[in-house]
Amino acid sequence: MSEDASAMRQSLIPARLRGIDPAVAIAFGCIILLLLGGSLYSRNFLSPDYLLQQLKVASFLGVIATGMMMVILLGQIDLSVPWVVTAGAMMACAATAYGTAGSAFAIPFGILCGAVIGAFNGAAVAYLRIPSMIITLATNAVVQGLMVVYTGGFSPQDSASPAMRFISTGYVIPSVPNGVIVWLIIGISAIFLLTRTTFGRSLYAIGNRERAAYMSGIDTRRVTMLAFVISGALSALGGVLLAGYASKASQSMGDAYLLPSIAAVVLGGTHVLGGKGSYLGTIAGVVLITLLQSILSVMQIEEAGRQLIYGVVIICMLLLYGRQKLA
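Described below are features of the structure shown in this document. (Residues numbered from 1 in each chain as written. Predicted model: local features only at pLDDT ≥ 70, side-chain atom pairs only at ≥ 80, totals over all residues. Heavy atoms only, no water.)

1. Some remarks on the environment of Gly67
- Here Gly67 is to be found in helix α3 (residues 48–73).
- A relative accessible area of 0% means that Gly67 is categorised as buried.
- Between the C-alpha atoms of Gly67 and Ser235, which are 168 residues apart in sequence, the distance is 6.9 Å.
- With residues up to four places along the chain from it excluded, the contact list for Gly67 reads Ile230, Ser231 and Leu234. (Helix = DSSP H or I, 4+ residues; strand = E, 2+ residues; numbered from the N terminus. Buried < 20%, exposed > 50% of the residue type's maximum accessible area, 1.4 Å probe, protein only. Contact = heavy atoms within 4.5 Å.)

2. Digging into the environment of Val313
- Of note, Val313 is situated in helix α15 (residues 303–326).
- Along the backbone, Val313 and Leu259 are 54 residues apart, and their C-alpha atoms lie at a distance of 9.8 Å.

3. Points about the side chain of Ser294
- Looking at where Ser294 falls in the secondary structure, it is placed in helix α14 (residues 279–298).
- Given the relative accessible area of 13%, Ser294 is considered buried.
- Polar contacts involving the side chain of Ser294 include one to the side chain of Tyr50, which spans 2.8 Å.
- Those residues within four positions of Ser294 in sequence are excluded, and the remaining contacts are Tyr50 and Gln54. (Polar contact = N/O pair within 3.5 Å; in protein donor to acceptor, adjacent residues only side chain to side chain.)

4. Some words on the state of the cysteines
- Here the structure, examined in full by the defined rule, presents zero disulfides.
- Its sulfur unpaired, Cys93 is 12 Å from the next cysteine sulfur, which belongs to Cys113. (Disulfide = S-S within 2.5 Å.)

5. What about the nonpolar core?
- Core analysis: the biggest nonpolar cluster contains 78 residues, and Met68, Met164, Leu194 and Leu203 have the highest contact counts within it.
- If near-sequence neighbours (up to four positions away) are discounted, Met164 is found in contact with Ala92, Cys93, Ala106, Ile107, Val240, Ala243 and Gly244. (Core = buried A, V, L, I, M, F, W, Y, C linked by side-chain atoms within 4.5 Å.)

6. Remarks on unusual backbone geometry
- In this structure, Ser175 is a non-glycine residue whose phi angle is positive, near 75°.
- Following the sequence through the fold, Ser175 ends up in the loop between α8 (162–169) and α9 (178–196).
- Look at Ser247: it is not a glycine, yet its phi comes out positive at around 75°.
- Within the secondary structure, Ser247 sits in the loop between α12 (220–246) and α13 (258–267).

Geometric values such as these leave the question of function open.
As structure tokens, then:
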């Protein structure tokens, strides 16, 4: 009887809408509600300038969340994001102290530092079988210690290079911030990677059942390690963009991006236990979180309140998706 009822409900849904992930549809629906609700508070919420500004802010989180999604699709987690973001920003700015050559290699150097940290996390998870939650949390603490030693506990003195400021705040296309273009390029690359490559299909397979993926011939260790490398590199790139936006790096600048990056991925419908998710959903989650942050700022809610909201959202989605995965 239940199967007949389910089939009847499916027949009532237009064919175009049957393939849409409900979580993605809900996320986009919430975005519309936030915009409409914000417009009642201020007319500027629907202005092109405001929307472009929100996309610019969202681009930093979007870059970081892209790497986080790769790891979550495996059924893993990367808690080293805060200080990988900070380390990428600090090391990129530090390179500028070495003259023209240093400035030229500042961005690649910052990203490379993040990739190296990601490779360490990936090797520990894939080859040493250390739980990702434990090793990435420990790595975050180690990187924090290294950065504090490097700066002596003070704010870094090195400034962002002109190239860093340009990719964050400049305009190649009039009225469209370069940060948005960077996120667009990374987003297109992520969609291609997840939908058109063996690596992308392997991520989903490992997230669904790692042993079955291994028995089918997938090099699960290599794929897992590469996912953490991507996460580290994109977190560092997010730090580089933030440093360019602020013109310099700062201590703990990545702390505000851990919970939002996880929340954005989960809100977009990616299962926290891995194996299911779409990048379109992550885009929706990033925009939703950014708009939520904007509204909370306008309402003058303190950072502690924002973190509480993110935590509640993650717990609720974890209960929902976790039960679905185990069913």
